[in-house]
Amino acid sequence: MPAPSLQSLADVAGGAVTRLQRLVQPPPPGFPPGPAGDQSVGMLGGPLEFISRLRRQHGQVVGLLLGGERVVLLSEPAAAKQVLVEQADVFVKAGTAFFPGSSLTGNGLLVSDGEVWRAQRRMANPAFRKAAVDNYADEMVAATQDLLDGPWAAAAAAAASSSQGGSSRGQQQQQQQRPAGSSSSLPAGVRDVYADFNQLTLNITLAALFGLKDSSSYSSSDASSSSSGSKLTNSETAARVVSAVERAFTYFAARGATAMVVPEWVPTPDNVAFKEAVQQLDDLVYGIIDARQAENRQQQQQQQGVDPSSSSSSSSRTDLLQALLDSTDEAGRPMAKTALRDELMTLLVAGQETSAILLGWAAALLAHHPKVQAAAAAEVAAVLGSSSSSSSASAADVGRLALLTAVVLEALRLYSPAYMVGRCANRDVQLAGGYTLPAGTTVLVSPYLLHREPSRWRNPALFKPERWLPLLTGQQQQQQGAAAAAGSSGVCPMHEQQQETSGGEAQANGSSSSSSEGSSSSSGCPMHQQSSSSTSTTTSSSYNFMSLLRDLGPNGAYLPFGGGPRNCIGTGFAMTEAVLVLAMMLQRFELQPVSPAAGFPRPKPMLTLRPEAVPLRLLRRRPQQQQQQQQQQQVAAQPKPMLTLRPEAVPLRLLRRRPQQQQQQQQQQQQVETAQKVA
Ligand code: HEM
């Protein structure tokens, strides 16, 4: 950490005085109403309960004092859109109290602003385009295969042998193959899949973005080695990285609530622990850079050996790391090593943990909703084949796995890893609803609250993946240019409406999604489910997740990947990864809670909304069982209502088809009526 300058000491002292003054001053005129007094204790006591209570007691726009900072908590869709999308130049990252910039990510893409951010985003964009993400799918599949064929297979074998009262060879294997950071006290056949996913997403990030592959990540011999990480992705290193990220995030969560009263350079025990965590991550990242630069030099020397006149330094690598190493500024200068480190650290920290959290929650939800799991497994069997077949997943399969994609979207709705997104007003500004925010106000937009907003979601607390099927099917049909299909007799009016609104602003105004959930009293329209089943087996058009979730999502209240220009650059990466990992997992294993009485994993909100642990029992899927499911799935694809996820009833209003213009007017009228009902 840099030594404090006199100026920084003065800034800290000035900041502390301002925060103390606010404790006794009334809020500025026009500031949103909220609870009296500083709320740090409530926030630290339990962020989810705290923000949910504020929403219940004070509404969707709440003004409060947090660690002496003026903060506004938002779960009102129009105001959230203003902050993240419409006035993204006013609501910036710099100065945000809850998410301070720090020595962890330096001035990387996640925290920078203005021109610096624009240049960084331009540089990183190509590595996250669809074609690039499709290329990473091989790494995702290979790393997942390692996990499933290694420790998960051993766990399932241990469970099988213990249920047959057999010897414990499988159990011994399972003991040897504990994942990084897992507890060894789990019963045979049970693994903390969240710990596994942490290691898996780390391996995927390192392989896909930084070209580091090491299939021995899960081997037991690595775990016993105490060497200092000569192999960057061995279990020991993975465990240290995961734990360093966790320590850094715990630190941020505590500092966020107290608004950095004590600066990072003061050697408090917390600051010292944080510094050590950053140092470990630095070792890893600088190690990656040094190794690649050495490799490039070697390659260059070899090229010159063959052709002495060659001055080319082109590398055979095409990953993000190489793109950053090759990039230059306007003056032709390469990126400074510290800037390079900031970018890599940002991607590592932003991408690894969030993806592991998503997979952890999705696996827990599947285990606790066996019918959904069976339906998703049947879809997977129909697309990938059974566990006994040699076929492996690929990027092209994602577009055929509508239900599984819906499971991922629904997991992200209920347990959004980023449960709060922070910005700071860089000038005095009027907020939708007639409020005035002085410059320096921190605004916390909460995906957690927006995703459970009763005015936008029917049965918001329930896990209902099928609510996403109309949207997914609609996008695919649109991409396939199948407008004609919408006029065919098999498509319900709700679906037509979805298609018409999906291209324009109306999609984000709340009417389409509300109506798509609202017209059936049960779990959605069977036509959507049916067309999604047939989609899953007959088409391969992939989803465009960025466009599906643009602004604040289809109903203006869905933002697991943020919104506006600062949305998540890794959206497509994360969605592809999640669907592929879960598909391979369901192809081979059935997930069950540890016991029938086992509760759902508890959230442990820090900077992100992670589960405490996700211990699940892993059972091998039997090919015979899969074949049956596959057959059911194929039958379901026929025009007969034979779906595993069937609705309780299908009350639909039947309308005689009219000339096109009349029909459009009628749909518009329906949209208005639905929006009014929902409101
Ligand atoms: C489930 C997984 C993920 C979730 C839930 C997630 C969520 C988010 C959210 C909410 C933001 C916006 C933050 C804000 O507005 O302040 C964001 C930004 C970002 N994410 Fe992700 N993310 C995920 C995966 C990834 C992956 C895989 C990567 C890269 C490998 C990544 C890299 C980034 C970066 C670099 C930004 C900053 C973009 C910018 O400001 O231009 N994320 N993410």
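What you see is a predicted model; the values in this text were computed from it and never measured.

Colleague: Tell me about the site of the ligand, residues and numbers included.
Modeller: Around the ligand sit 27 residues, and of these Lys-93, Trp-117, Arg-121, Arg-566 and Cys-568 come closest. Elements represented by at least two residues in the shell around the ligand include exactly helix 5 (114-124), helix 13 (337-368), strand 5 (421-425) and helix 23 (571-588). In terms of residue count, helix 13 provides more of the shell around the ligand than any other element does, six residues in total. Looking at the shell around the ligand, its residues break down into 17 nonpolar, six polar and four charged.

Colleague: Explain the coordination of the iron atom of the ligand to me, and be specific about the residues and the numbers.
Modeller: Donor atoms from the protein around the iron atom of the ligand number only one, Cys-568 (SG), found at 2.3 Å. Along the chain, Cys-568 turns up in the loop between helix 22 (545-548) and helix 23.

Colleague: Tell me about the packing of helix 13 against helix 14 (residues 370-384), and please be specific about residues and values.
Modeller: Relative orientation of the contacting elements helix 13 and helix 14 amounts to 105°, with a least axis distance of 5 Å. Relative to helix 14, the element helix 13 lies roughly perpendicular. Counted together, Leu-366, Ala-367 and His-368 of helix 13 and Pro-370, Val-372 and Gln-373 of helix 14 form the full contact between these two elements. Of the residues assigned to the contact of helix 13 with helix 14, the class counts are four nonpolar, two polar and no charged.

Colleague: Lay out the UniProt feature "binding site: heme" (unreviewed entry) in the protein chain in plain terms, naming residues and giving numbers.
Modeller: Following the UniProt record, the feature "binding site: heme" (unreviewed entry) maps to Cys-568 here. Judged by relative accessible area, Cys-568 falls into the partly exposed class, the value being 30%. In this view, Cys-568 contacts Arg-121, Met-546 and Phe-561; residues no more than four positions away in its chain are not counted.

Colleague: Give me unusual backbone geometry: which residues, what numbers.
Modeller: The backbone of Asn-459 sits at a positive phi, close to 45°, despite the residue not being glycine. Its location among the elements puts Asn-459 in the loop between helix 16 (447-450) and helix 17 (469-479).

Colleague: Account for the pairing of strand 8 (residues 442-445), with residues named and values stated.
Modeller: Here strand 8 shows no split at all, with Thr-442 and Leu-444 on one side and Val-443 and Val-445 on the other all buried. The pairing of strand 2 (residues 69-74) with strand 8 spans four bridges and is classified as parallel. Pairing of Val-72 across the sheet is with Val-443, part of strand 8. Note: strand 5 against strand 8, four bridges, orientation antiparallel. From the neighbouring strand, Cys-424 faces strand 8, where its bridge partner is Thr-442.

Colleague: Just give me the short version of the environment of Gly-68, but keep the residues and values in it.
Modeller: If you trace the backbone, Gly-68 turns up in the loop between strand 1 (61-66) and strand 2. Placed 45 residues apart in sequence, Gly-68 and Leu-23 show a C-alpha to C-alpha distance of 6.4 Å. When neighbours within four sequence positions are excluded, Gly-68 is seen to be in contact with Arg-19, Arg-22 and Asp-38.

Colleague: So what's going on with the packing of helix 14 against helix 23? Residues and values would help.
Modeller: One way to put it is that helix 14 packs onto helix 23 with a least axis distance of 9 Å and a crossing angle of 95°. Between helix 14 and helix 23, the angle falls in the class roughly perpendicular. Where helix 14 abuts helix 23, its residues Gln-373, Ala-376, Ala-377, Val-380 and Leu-384 lie against Ala-583, Leu-586 and Gln-587. Split into classes, the residues belonging to the contact of helix 14 with helix 23 amount to six nonpolar, two polar and no charged.

Colleague: Please provide a residue-by-residue account of the pattern of salt bridges, values included.
Modeller: Applying the stated criterion across every chain yields a total of 15 salt bridges. Note that Arg-341 and Asp-282 form a salt bridge whose closest N and O atoms lie 2.6 Å from each other. Of the two residues, Arg-341 sits in helix 13 while Asp-282 sits in helix 11 (residues 269-306), which places them 59 residues apart along the sequence. The same class applies to Arg-341 and to Asp-282, which are both buried. Salt bridges sharing common partners tie together Asp-282, Arg-341 and Asp-342.

Colleague: Let's hear about the pairing of strand 5: which residues, and what values?
Modeller: Along strand 5, five of the five residues are buried, which leaves the element largely enclosed by surrounding structure. Covered by surrounding structure in strand 5 are Val-421, Arg-423 and Ala-425 together with Gly-422 and Cys-424, the residues of both alternating faces. The pairing of strand 3 (residues 91-92) with strand 5 spans two bridges and is antiparallel. Within strand 5, the residue paired with Phe-91 across the bridge is Ala-425.

Definitions and limits used
Residues numbered from 1 in each chain as written. Predicted model: local features only at pLDDT ≥ 70, side-chain atom pairs only at ≥ 80, totals over all residues. Heavy atoms only, no water. Near = heavy atom within 4 Å. Helix = DSSP H or I, 4+ residues; strand = E, 2+ residues; numbered from the N terminus. Nonpolar A, V, L, I, M, F, W, Y, C, P; charged D, E, K, R; others polar. Donors = N, O, S within 2.8 Å, 3.2 Å for Na, K, Ca; no water. Axes fitted to C-alpha atoms, helices over the stretch in contact; angles between N-to-C directions. Parallel < 35°, antiparallel > 145°, perpendicular 65-115°, else oblique. Contact = heavy atoms within 4.5 Å. UniProt positions renumbered as here; feature names shortened; annotations may be inferred. Buried < 20%, exposed > 50% of the residue type's maximum accessible area, 1.4 Å probe, protein only. Pairing = 2+ DSSP bridges. Salt bridge = Lys/Arg side-chain N within 4 Å of Asp/Glu carboxyl O.

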